[in-house]
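Understanding the architecture of this molecule
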Amino acid sequence: MSAPPPFAPQPFAPQPCVPVPVRWATVVTAALVMLATLPGRTQGLGLITEGLISDLGLSRVDFGEINLWATVIGAAACLPMGWLIDRFGLRWPTVAVVLMLAAVVAALGQLAAGVMPLFFLILGTRAFGQSALSVASITAVGRSGGANPGSAMGIYTVLLTVCMAAAFVAIGEGIAAHGWRSAWTWVAAALAFSIAPLVIWGFAATAARPAESGNSDVVRQDAGHTLVQALRTSGFWVFAGATALFGLAASGLSLWNQQVLAEHGFDQRTNVYFLAITTLFALLGQFACGWLLPRTTPPRLLAGALFAYAAGLGILALTTGPVLLWTAALCIGLAAGFIMVLFFAIWGLAFGPRQLGRIQGAAQLLTVLASAIGPLLFAHVHAAWGGFGPALAALAVGVAAAGAVAWRTRLPTPADRSVNATA
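Here the structure is a predicted model, which means the values were calculated and not measured. (Residues numbered from 1 in each chain as written. Predicted model: local features only at pLDDT ≥ 70, side-chain atom pairs only at ≥ 80, totals over all residues. Heavy atoms only, no water.)

What to know about the overall build of the chain
Scanning the chain for helices and strands turns up 17 helices and zero strands. Contacts spanning at least 24 positions in sequence make up 86% of the contacts within the chain whose residues lie at least 6 apart. Summing over all exposed atoms, the chain offers an accessible surface of approximately 17900 Å²; the carbon and sulfur share of this is 70%. (Helix = DSSP H or I, 4+ residues; strand = E, 2+ residues; numbered from the N terminus. Contact = heavy atoms within 4.5 Å. Areas by Shrake-Rupley, 256 points an atom, 1.4 Å probe, with all protein chains shown as cover.)

Put into structure tokens, the structure is as follows:
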């Protein structure tokens, strides 16, 4: 029997439309809005976790459970934020959410005690930061692309990655010099007095509702899979499951990264630079994946990224010095860049635009749940085994196994929907 034909994504031809110029101010602002989600993301909370649980007298398991439920419940904020953007435009809903996130971050920096107040504040950072502002940022860059959406997404990705790396270093240095409470207060001030005014300026062109914005770029919506058809394919579950497993490992490692490195004799400042360097390597991975995506099959790219990530986790579990540490950072960062690009690109390429939102929503649900479980899993392993090494080793094996499955996976294309609907 002959081998199945390689995956060869065909571009979807848009209907004739009036070209719309790229709104570069909106692209830049969208990247800064995504940067503003940092206090609500696992990586951002990971910068203050050790000081926070020490000050409040919590165990790692206690904080992991708080983070789990706050993340799961906070994910629901994506839905009303999308409705608000459709109803009132991007500018004012985003400004309101930035200000609410600033208030929550400031309150968290002043919290003296109490499990329930901590839960509601973490919930606020997750809902306003990780969920609502992410929706605003992605929607903004999608609407700003005009006739050249590829360039808009490229600039957005580069700006976001560089800004995230700089933010890790700046906040980490602030924590080292003045403590996490003072650093978090400055983060809240930056949100309220820098990001919010920039949103008012940068999202001015998107203030009108979508129907009134004049953007006439229209993409065909009748080609591709329905959600039910996508769920019946092995390709959906391989990509969704693999990225969810990656999210589980990445969220657990991000939240407890300082403690993982401390087990091997590295200090807090090394942790900050580890985060920054993995972010920069992720940027290289994004460029490489974007270049390779039209030239090879996405399942093979996913498999390679998973193998690299498994290697990074295994090396980190066994690291004994800086050479192995920075080798692990290289593997983890490059793999993260590949997986990020693949996660956002694959659903449209494989399943088409027919019900793309619902398909992406189903995949995103798996990643959110997995990212909520990761920190708690790491905390339980640490409590049971006295270290994070067993969690890293087990996840390395699981990620490598997922890579082996991905290597042999064939994705459908929108053109062969009837053939693959029951795959």
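Looking at the side chain of Asn-67
For Asn-67, the location among the structural elements is in helix α3 (residues 60-74). A distance of 2.5 Å separates polar atoms of two side chains, one belonging to Asn-67 and the other to Arg-126. With residues up to four places along the chain from it excluded, the contact list for Asn-67 reads Leu-45, Arg-126, Leu-255, Ala-372 and Pro-375. (Polar contact = N/O pair within 3.5 Å; in protein donor to acceptor, adjacent residues only side chain to side chain.)

Some words on the confidence of the model for the chain
With 80% of its residues at a pLDDT of 70 or more, the chain shows a mean pLDDT of 79. Long-range and interchain partners of residues 146-150, a stretch whose pLDDT sits below 50, account for seven contacts in this model, where long-range means more than four residues apart. With pLDDT under 50 throughout, residues 208-221 is counted as low confidence; its partners more than four residues away or in other chains account for 29 contacts. (pLDDT = per-residue confidence, 0-100.)

Concerning the packing of helix α2 (residues 42-56) against helix α10 (residues 234-255)
One can describe the packing of α2 onto α10 by two numbers: an axis separation of 7 Å at closest approach and a directional angle of 30 degrees. By the criterion of interaxial angle, the relationship of α2 to α10 is roughly parallel. Every residue of α10 that contacts α2 at Thr-42, Gln-43, Leu-45, Gly-46 and Thr-49 is listed here: Ser-251, Ser-254 and Leu-255. Looking at the contact of α2 with α10 residue by residue, the classes come out as two nonpolar, six polar and no charged. (Axes fitted to C-alpha atoms, helices over the stretch in contact; angles between N-to-C directions. Parallel < 35°, antiparallel > 145°, perpendicular 65-115°, else oblique. Nonpolar A, V, L, I, M, F, W, Y, C, P; charged D, E, K, R; others polar.)

Concerning the packing of aromatic side chains
If you walk through the whole model with that rule in mind, you get seven aromatic pairs. When the centroid spacing of 4.8 Å and the interplanar angle of 65 degrees are considered together, the rings of Phe-246 and Tyr-309 count as edge-to-face. Of this pair, Phe-246 sits in helix α10 while Tyr-309 sits in helix α13 (residues 298-318), and the two are 63 residues apart along the sequence. With a relative accessible area of 14%, Phe-246 lands in the buried category. (Phe/Tyr/Trp six-rings, centres within 6.5 Å; stacked < 30°, edge-to-face > 60°. Buried < 20%, exposed > 50% of the residue type's maximum accessible area, 1.4 Å probe, protein only.)

Some points on α3
With 15 residues, α3 should cover 21 Å at 1.5 Å per step; its first-to-last C-alpha distance of 20 Å lies within 8% of that length. Among the residues making up α3, those that are buried are Val-61, Phe-63, Gly-64, Ile-66, Asn-67, Leu-68, Ala-70, Thr-71 and Gly-74. For α3, the N-terminal cap is Ser-59; the gap from its side-chain oxygen to the backbone nitrogen of Asp-62 is 3.0 Å. (Expected span 1.5 Å × (residues − 1).)

Describing the pattern of salt bridges
In total, this model carries two salt bridges according to the counting rule given. Between Asp-55 and Arg-181 there is a salt bridge, with its nearest N and O atoms 3.3 Å apart. On the criterion of sequence distance, the pair formed by Asp-55 in helix α2 and Arg-181 in helix α8 (residues 180-202) is long-range, its members being 126 residues apart. On the basis of relative accessibility, which here comes to 41%, the residue Asp-55 falls in the partly exposed class. Two residues, Arg-269 and Glu-173, come together in a salt bridge whose shortest N-O distance is 3.3 Å. One end of the pair, Arg-269, is in helix α12 (residues 268-292); the other, Glu-173, is in helix α7 (residues 149-178), with 96 residues separating them in the sequence. (Salt bridge = Lys/Arg side-chain N within 4 Å of Asp/Glu carboxyl O.)

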